Amino acid sequence: MTFQELNLKPDILSAISELGYEQPMPVQEQTIPFMLEKNADLVALAQTGTGKTAAFGLPVLNMIDVSRKQVQALVLAPTRELCIQIANDLNNYSKYLRGLRIVAVYGGEDIRKQLKQLDGTPQIIVATPGRLIDLLERGKINLGAIDFLVLDEADEMLNMGFKEDIETILQKTPDTRRTMLFSATMPKEIASIAKRYMKDYEEITVGVKNSGSENVEHIYYVSQAKQRYLVLKRIVDLNPDIYGIVFCRTRQETKEVADHLMKDGYSADALHGDLSQAQRDTVMQKFRIRNIQLLVATDVAARGLDVSDLTHVINYNLPDDVEVYTHRSGRTGRANKKGVSVSIIHSKEKFKIKDIERMLKKQFQQQQIPNGLEVCKKQLFFMIDKMQNVEVNEDQIAPYIEQIMKQLDYLNKEEVLKRFVSLEFNRFLEYYKDAEDLNYHERSDRSSDRSERSDRAGRDSKSGGDRQKKGGRKVRLKINLGDREGLNPKRFLGIINDVTGDKSISIGSIEITNKFTFFDVFEDQSDQVLKAFASEPDMIVSEAKGGKSYEGKPYEGAKRDNSKYGSGSYKDGSSRGSARKQDGADKPWRSRDRNDRNDRRSKGGRNR
Ligand code: AMP
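Keep in mind that what you see is a predicted model, and the values were worked out from it rather than measured.

(A) Representation of the overall build of the chain within the structure. A count of helical and extended segments in the chain gives 23 helices and 18 strands. Of the contacts formed within the chain by residues at least 6 apart in sequence, a portion of 77% connects residues at least 24 apart.

Pasting the structure below:
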């Protein structure tokens, strides 16, 4: 279907075509012909981001009589930000409709300015319920000639306690009006408002009722509550180009999480009710223009923030209410883009996930909190990708190239690359080299929990101890990972645990060289290890050539090997034991993208 087929006025068609709208979105295909051709009310269940503003805006604009100086349409929306957004959209759609005036009135702004704007009676008013009541009481607005009433994000308005205000407003409008109600969810209260105040109405649903957008993937991580913040950091580090909202329960928590993130060098800021309106506007604007990557917010403060290309929504805590989850997750996966809704939970909250799954009719995926190696790999290749795609400013670089080439003449390509990568990446590797396993492990069912595998250093020495008594042949194996990948014994054991999934595998002495790691396993377990790694394309394990088998020798536990490699020096001369305490070493290296650069510039430089 095309917009031309929808019988909209040519002036409106020109405006939306200039906005780049080529085809109506599904909700628009349903609402526009309905509103233009029938004389009935409409209840539309549609998520934000589905194109609902144009879905009600275009037919209403099409039917307004611009020569009549009366308020003909009223749009009610829960927040100031949403009002501004709707009024902007309507102004864009109607830019060629001469004589049309649209005014937005909302709380949090000087009422005198709005009173002035209402002089000369606009045909369309977009309002928050509270401010509208105020203006109605001052006799500044007359709703007696209203033809169209739109209730946008009706469920949000009810959540915010506007039920009575909405009823008061509805009673001041004529019965002849046509009403359009938009809501992401359909709680009982909405159904009862529709029943009471709407005439014969048709109900349309875009997507499934009470369901999140199809484009959103829902995942969760299980950790101990006290490690929530570390999990958050790891999620963010695993997604270097993240652009998302971190939802917290309280203002206090919002402040704390945002402060920590900023202190740790992340591009983040807080949005909560303790900020003044001006401060909130500044933070939202910074986020909108991607000057910050992460907005830490309470549900209330984030309402009305209209950003359509979030990559992630992070539930720092699960909300008690499934509808709140629906709203949060509906902020990503908009406008046909993919999005991820991540929840950090503790083990006792799994039942809540089940509740949300049932209500949303969506499957949630439990994922393992990534280990340090995975995070480092992701960050490293993100940087390599960026290097590949960077725009090279030949002219600006030209005067220096000859001298640089001369200076680096003695280094080959690999060595140059290694140095550049190390320059950016050493601090990150350092931060993650001993990264702990943040996954929660059930005590009762260790063998069935995959995450459990990486938490077994203590048990190893026990099972090794049993074998020590018995003695046994050991086989020396090697893996194609070494110091250059930032491997250390602890990480190496984590990999063995993850890949084999067997806590009873005992690892003997470990020797890490630059490119390879050699390690001993008991002969009767070596096949199992080789087989497990056969399905890991990036990790090649084979028997070490010339590797010896020992018989009955005391078995060196992995823990002892740790101490062997736990101190000493890196090639770059830094000490492993103390580096994290050095300045900035507790701040992982982070990608330097456009936004970070902006941020650094505005803050006079950042220590990453
Ligand atoms: P909304 O649900 O009204 O917030 O709209 C979500 C986004 O989709 C906004 O950025 C709109 O400008 C955009 N949009 C709405 N209708 C269309 C359309 N037919 N084609 C392309 N983009 C659209």
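And the narrative resumes.
(B) Layout of helix 1 (residues 10–18). For helix 1, every residue scored as buried is listed here: I12, L13, A15 and I16. Down the axis, helix 1 shows its buried residues gathered within 165° of arc, on one side only. Positive phi shows up at G20, right after helix 1, with a value of about 90°.

(C) Main features of the confidence of the model for the chain. Confidence along the chain averages 81 in pLDDT terms, with 83% of residues attaining 70 or more. Within the model, the stretch residues 444–470 combines pLDDT values under 50 with 50 contacts to residues more than four positions away or in other chains. A low-confidence stretch, residues 548–608 stays under pLDDT 50, and its non-local contacts, those more than four residues away or across chains, total 137 contacts.

(D) Seen up close, the side chain of N62. Relative to the elements of secondary structure, N62 occurs in helix 3 (residues 52–63). By relative accessible area, N62 is classed as buried at 12%. With residues near it in sequence (within four places) discarded, N62 still touches N7, L8, K9, I12 and L36.

(E) The site of the ligand, seen in detail. Near the ligand the following residues occur: F3, Y21, Q23, P24, M25, Q28, G49, T50, G51, K52 and T53. In the environment of the ligand, a nitrogen atom lies 2.8 Å from a nitrogen or oxygen atom belonging to the backbone of Q23. At a separation of 2.6 Å, an oxygen atom of the ligand approaches a polar side-chain atom of T53. Burial of the ligand by the protein amounts to 79% of the accessible area it has alone, namely 490 Å².

(F) Summary view of the packing of helix 14 (residues 322–329) against helix 15 (residues 350–360). Relative orientation of the contacting elements helix 14 and helix 15 amounts to 70°, with a least axis distance of 10 Å. Considering the angle they form, helix 14 stands roughly perpendicular to helix 15. The segment helix 14 lies against helix 15, with V322, Y325 and T326 engaging I356, M359 and L360. By residue class, the composition of the contact of helix 14 with helix 15 is five nonpolar, one polar and no charged.

(G) Structural context of the environment of F56. Relative to the helices and strands, F56 resides in helix 3. For F56, a relative accessible area of 1% gives the class buried. Not counting residues up to four positions away in its chain, the partners in contact with F56 are V75, I86, V150, D152, M180 and F182.

(H) How the structure looks around the sheet that holds strand 2 (residues 73–76). Pairing in this open sheet of seven strands is parallel, and the strands run 3-4-2-5-6-1-7 from one edge to the other. Looking at which strands have only one partner, the edges of the open sheet turn out to be strand 3 (102–105) and strand 7 (201–205). For this sheet the average axis-to-axis angle between neighbouring strands, irrespective of direction, equals 15°. Inspection of the sheet shows strand 3 paired to strand 4 (residues 124–127) by four bridges, in the parallel sense. The partner of A104 across the bridge, within strand 4, is V126. Where helix 5 (residues 111–118) meets the sheet, its contacts fall on strand 3 and strand 4, and the angle it forms with strand 3 comes to roughly 160°.

What counts as what
- Residues numbered from 1 in each chain as written.
- Predicted model: local features only at pLDDT ≥ 70, side-chain atom pairs only at ≥ 80, totals over all residues.
- Heavy atoms only, no water.
- Helix = DSSP H or I, 4+ residues; strand = E, 2+ residues; numbered from the N terminus.
- Contact = heavy atoms within 4.5 Å.
- Buried < 20%, exposed > 50% of the residue type's maximum accessible area, 1.4 Å probe, protein only.
- Arc of directions from axis to C-beta.
- pLDDT = per-residue confidence, 0-100.
- Near = heavy atom within 4 Å.
- Polar contact = N/O pair within 3.5 Å; in protein donor to acceptor, adjacent residues only side chain to side chain.
- Areas by Shrake-Rupley, 256 points an atom, 1.4 Å probe, with all protein chains shown as cover.
- Axes fitted to C-alpha atoms, helices over the stretch in contact; angles between N-to-C directions.
- Parallel < 35°, antiparallel > 145°, perpendicular 65-115°, else oblique.
- Nonpolar A, V, L, I, M, F, W, Y, C, P; charged D, E, K, R; others polar.
- Pairing = 2+ DSSP bridges.

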